[in-house]
Amino acid sequence: MKNHDRFIKAVNIPNPLYQSIQGRYFVGQTEPICLGKGKNAWGSLSNPHYSNVDLYVNAFTITNHSNQPFVAEIWFNAIAPGNAMISKNVTSANQAISPLPKPEVKIEFAEHVSGFPKQGVNAFKRIVPPQSTLASDEDGKFIFPSGESFVIFLVSPNDEYIEAEVAFGWFEKKIKK
């Protein structure tokens, strides 16, 4: 007879699942936003000053409802043009927790804006094909303390109006003091 008590069970789970179990993973999207004819649009994860959390960008998607491609610029800590609106389309990924956790980070967005972001760094660009959703899994590697932001800036093609949405998955960790 063998003694099975000497085996230790170990389970590996992906970090996003772990963060969700902890009530720290959130998902959400902008309202539909329009760009075109020289006017741009953007969506961002904005970590407010004094939020007391670090923001970890896990994933983002950009949906293009038009028949024309456009460029999406990814900016770190930019000041985006226009009047920002705050999306209400945000929720905890873990719906089994009661009450549901509320994020400190906000999804902000603007449409029909003139100009381009100021300051910050244009870290990379992506082309968003027509009638498609571009998805990017970042595994939490983009980290922003309070007062900083992750901006997806949608650059207008000049000849057509485009409707798009920007969606995010992120987790937040309280800052240890």
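Refer to the structure above for everything that follows.
1. Section: the environment of Phe-60
- Among the structural elements, Phe-60 can be located in strand S4 (residues 53-64).
- The buried category is assigned to Phe-60, whose relative accessible area is 1%.
- As a C-alpha pair, Phe-60 and Thr-91 span 31 residues in sequence and 15 Å in three-dimensional space.
- With residues near it in sequence (within four places) discarded, Phe-60 still touches Ile-74, Phe-124, Leu-134, Ala-135, Ser-136, Glu-138, Phe-150, Ile-152, Ala-167 and Phe-168.

2. Looking at unusual backbone geometry
- Cis geometry is found at the peptide bond from Ser-98 to Pro-99, where omega equals -5°.
- Even without glycine at this site, His-112 takes up a positive phi of about 50°.
- If you trace the backbone, His-112 turns up in strand S8 (residues 106-113).
- Of the residues examined, His-112 reaches a relative accessible area of 38% and is grouped as partly exposed.

3. Describing the pattern of salt bridges
- One pass over the full model with this rule turns up 1 salt bridge.
- Ionic pairing is found between Lys-141 and Glu-138, a salt bridge with its closest N-O pair at 3.1 Å.
- Looking at Lys-141, the relative accessible area reads 51%, which means it is exposed.
- Judged by relative accessible area, which is 6%, Glu-138 ranks as buried.

4. Concerning the layout of surface pockets
- For the largest pocket, the calculated volume is near 290 Å³.
- The wall of the largest pocket is formed by 16 residues, among which Ser-46, Glu-108, Gly-147, Glu-148 and Ser-149 lie closest to the centre.
- Listing elements by their share of the lining of the largest pocket, those giving two or more residues are strand S3 (40-46), S8 and strand S11 (149-155).
- Residue contributions to the lining of the largest pocket peak at 3 residues, all from S3.
- Looking at the lining of the largest pocket, its residues break down into 6 nonpolar, 7 polar and 3 charged.

5. Side note on the packing of aromatic side chains
- The tally for this structure, following the rule as stated, stands at 12 aromatic pairs.
- With 4.9 Å between their ring centres and 10° between their planes, Tyr-56 and Phe-171 make a pair best called stacked. With a gap of 115 residues between them, Tyr-56 in strand S4 and Phe-171 in strand S12 (residues 162-174) connect regions that are remote in the sequence.
- Between Phe-76 and Phe-150, the ring centres sit 6.0 Å apart and the planes meet at 50°, which makes this aromatic pair tilted. Taken as a pair, Phe-76 in strand S5 (residues 70-76) and Phe-150 in strand S11 lie far apart in primary sequence, 74 residues in all.
- Since its relative accessible area comes to 0%, Phe-150 is described here as buried.
- Grouping aromatic residues by their ring pairs yields a cluster made of Phe-60, Phe-76, Phe-124, Phe-142, Phe-144, Phe-150 and Phe-168.
- For the cation-ring pair, Lys-141 lies above Phe-142, with the distance from its terminal atom to the ring centre recorded as 5.8 Å.
- When the ring centre of Tyr-56 is taken as origin, the NZ or CZ atom of Lys-173, which lies over that ring, is 5.5 Å away.

Definitions and limits used
- Residues numbered from 1 in each chain as written.
- Predicted model: local features only at pLDDT ≥ 70, side-chain atom pairs only at ≥ 80, totals over all residues.
- Heavy atoms only, no water.
- Helix = DSSP H or I, 4+ residues; strand = E, 2+ residues; numbered from the N terminus.
- Buried < 20%, exposed > 50% of the residue type's maximum accessible area, 1.4 Å probe, protein only.
- Contact = heavy atoms within 4.5 Å.
- Salt bridge = Lys/Arg side-chain N within 4 Å of Asp/Glu carboxyl O.
- 1 Å grid on protein atoms, 1.4 Å probe; cavity = no way out; pocket = protein on both sides within 12 Å on 5 of 7 lines; lining within 4 Å.
- Points joined across faces, edges and corners; volume = space filled by probe spheres on them.
- Nonpolar A, V, L, I, M, F, W, Y, C, P; charged D, E, K, R; others polar.
- Phe/Tyr/Trp six-rings, centres within 6.5 Å; stacked < 30°, edge-to-face > 60°.
- Lys NZ or Arg CZ within 6 Å of the ring centre and 35° of its normal.

Remember, this is a structural readout, not a statement about activity or role.
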